[in-house]
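# Coordinates in review
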Amino acid sequence: MALINIDGDPWLTELDACENLSNDIQSQLAARNRENQLSREYGVLSGTVRVRLKQLGSELDQLTRKLGLISNTLTSGEAERRQRKIEALQSKLIQLQRQFTYVEPSVARSALFETGSSNRSRGAFADDDDDDEPALIPSQSNYTVADLRSQQTRILEDQNEGLEALSQVIARQKELATRIGGEVDRHNDILDDLAQTMETTDGRINRETHQIGTITTQDSTWGYWIVIGLLFVAIVLTGIF
């Protein structure tokens with residue numbers, strides 16, 4: 001369920017900004033996927049997406065810290081709903097990072113074939129020491145093998161960051177489950193104490209009821225004895241006079 005920012009809550013405003021940022025990143029990834037992997041536009045979009053992914057991760061961390069600071073001013077249900085919204089955005093961040101690092105096999109094969117055909121066309125007239133020179137990407141791109149290796153290194157770093165973010169999400173979910181389990185145990189203890197108290201109270205009520213019945217019976221008997229005594233006195237007085 002979406003959270004409605006009725007009172008101008010700054011936290012909800014920042015949450016909306018994170019959601020808009022994630023949508024923008026998704027759109028830029030879609031635009032990048034329409035470009036050739038070796039083109040300049042692809043590289044520019046990749047750099048922009050990389051920066052925005054880091055920005056989104058930083059803003060989500062700030063949202064988590066701020067939620068911890070204001071959680072005591074919220075109801076437990078509201079705090080849990082906000083935590084779920086953050087976890088949903090963190091999961092989307094991981095998906096975006098995976099889309100960012102994913103390279104379609106057809107694109108990779110095409111780039112490989114273009115590079116291989118270029119090398120073969122030069123190889124018929126090249127010297128024997130050509131293997132020692134770095135192979136160049138086709139003429140329509142300014143990227144070299146070193147650039148691709150650098151990009152691959154950055155991709156691996158982004159994957160590691162994504163895995164670390166996923167690990168943090170799982171750790172927080174585990175901590176939340178542990179807290180919920182503790183609350184359930186405490187509630188069970190309270191229910192057990194309440195049941196024991198009710199049993200004790202029920203026993204006391206039964207004893208008091210029994211005592212009241214006994215007193216009532218005794219009071220009725222004394223009334224009869226008083227009447228008998230008065231009749232006896234009347235009979236004696238009548239015999240005397």
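Given the structure is predicted, the values throughout are model-derived calculations rather than measurements.

## Notes on the overall build of the protein chain
Per the secondary structure count, the protein chain includes five helices and zero strands. Taken from N to C terminus, the helices and strands of the protein chain fall in the order α-α-α-α-α. For the protein chain, the residues scored as buried account for 21% of the 241 residues in total. Within the protein chain, contacts between residues at least 6 apart in sequence are counted, and of these 74% link residues at least 24 apart.

## Comments concerning a nonpolar patch on the surface
A surface patch of nonpolar side chains, amounting to about 470 Å² of accessible area, comprises Phe232, Val233, Val236, Leu237 and Ile240. With respect to the helices, strands and loops of the structure, isoleucine 240 is situated in helix α5 (residues 145-240). Residue isoleucine 240 is classed as exposed on the basis of its relative accessible area, which comes to 60%.

## Looking at the environment of arginine 186
Positionally, arginine 186 belongs in helix α5. Classification of arginine 186 as partly exposed rests on a relative accessible area of 46%.

## Let's talk about helix α2 (residues 40-70)
Taking 1.5 Å as the rise per residue, α2 with 31 residues should run 45 Å; its terminal C-alpha atoms sit 45 Å apart, in good agreement. Here α2 has its buried residues at Tyr42, Ser46, Val49, Arg50, Leu53, Leu56, Gly57, Leu60, Leu63, Thr64 and Leu67.

## Considerations on the confidence of the model for the protein chain
When the pLDDT values of the protein chain are averaged, the result is 76; 73% of them are 70 or greater. Confidence, expressed as mean pLDDT per element, reaches its minimum in the protein chain at helix α4 (residues 105-123) with 47 and its maximum at helix α1 (residues 10-33) with 91. Confidence drops under a pLDDT of 50 for residues 111-141, and excluding neighbours within four residues, the segment shows 14 contacts in the predicted structure.

## Points about the packing of α1 against α2
Two quantities define a packed helix pair, namely the angle between the axes and the distance from one axis to the other. Look at α1 against α2: their axes get within 9 Å of each other, and the N-to-C directions meet at 160°. What the angle tells us is that α1 and α2 run roughly antiparallel. α1 and α2 meet at a crossing whose hand is left-handed. A breakdown of the residues in the contact of α1 with α2 according to their chemical character gives 16 nonpolar, five polar and six charged.

## Details of the nonpolar core
Ranked by internal contacts, the top residues of the largest apolar core, which has 18 residues, are Trp11, Ile25, Leu53, Leu56, Leu60 and Leu63. Those elements that place two or more of their residues in this core are α1, α2 and α3 (76-101). The leading source of residues in this core is α1, at seven residues. If near-sequence neighbours (up to four positions away) are discounted, leucine 56 is found in contact with Cys18, Leu21, Ser22, Ile25, Leu93 and Leu96.

## Describing the pattern of salt bridges
Under the criterion given, the structure shown has eight salt bridges. We note a salt bridge from aspartate 9 to arginine 82, for which the minimum N-O separation is 2.8 Å. Here the residue aspartate 9 occupies a position in the segment before α1, and arginine 82 occupies one in helix α3, the gap between them amounting to 73 residues. Owing to a relative accessible area of 4%, arginine 82 belongs among the buried residues under this scheme. Arginine 84 is the partner of glutamate 80 in a salt bridge, and the nearest nitrogen-oxygen pair spans 3.3 Å. With a gap of four residues between them, glutamate 80 and arginine 84 both fall in helix α3, about one helical turn apart. The class for glutamate 80 is partly exposed, based on a relative accessible area of 38%.

## Looking at α1
Taking 1.5 Å per residue as the helical rise, α1 with its 24 residues ought to reach 34 Å, and the 35 Å between its terminal C-alpha atoms agrees with that figure. A distance of 3.0 Å separates the backbone nitrogen of tryptophan 11 from a side-chain oxygen at the start of α1, and that oxygen is part of aspartate 9.

Criteria and cut-off values
- Residues numbered from 1 in each chain as written.
- Predicted model: local features only at pLDDT ≥ 70, side-chain atom pairs only at ≥ 80, totals over all residues.
- Heavy atoms only, no water.
- Helix = DSSP H or I, 4+ residues; strand = E, 2+ residues; numbered from the N terminus.
- Buried < 20%, exposed > 50% of the residue type's maximum accessible area, 1.4 Å probe, protein only.
- Contact = heavy atoms within 4.5 Å.
- Patch = residues over 30% accessible without salt bridge, like charges linked within 9 Å, V, L, I, M, F, W, Y side chains within 5 Å.
- Areas by Shrake-Rupley, 256 points an atom, 1.4 Å probe, with all protein chains shown as cover.
- Salt bridge = Lys/Arg side-chain N within 4 Å of Asp/Glu carboxyl O.
- Expected span 1.5 Å × (residues − 1).
- pLDDT = per-residue confidence, 0-100.
- Axes fitted to C-alpha atoms, helices over the stretch in contact; angles between N-to-C directions.
- Parallel < 35°, antiparallel > 145°, perpendicular 65-115°, else oblique.
- Left-handed = near helix turned anticlockwise from the far one by under 90°.
- Nonpolar A, V, L, I, M, F, W, Y, C, P; charged D, E, K, R; others polar.
- Core = buried A, V, L, I, M, F, W, Y, C linked by side-chain atoms within 4.5 Å.
- Polar contact = N/O pair within 3.5 Å; in protein donor to acceptor, adjacent residues only side chain to side chain.

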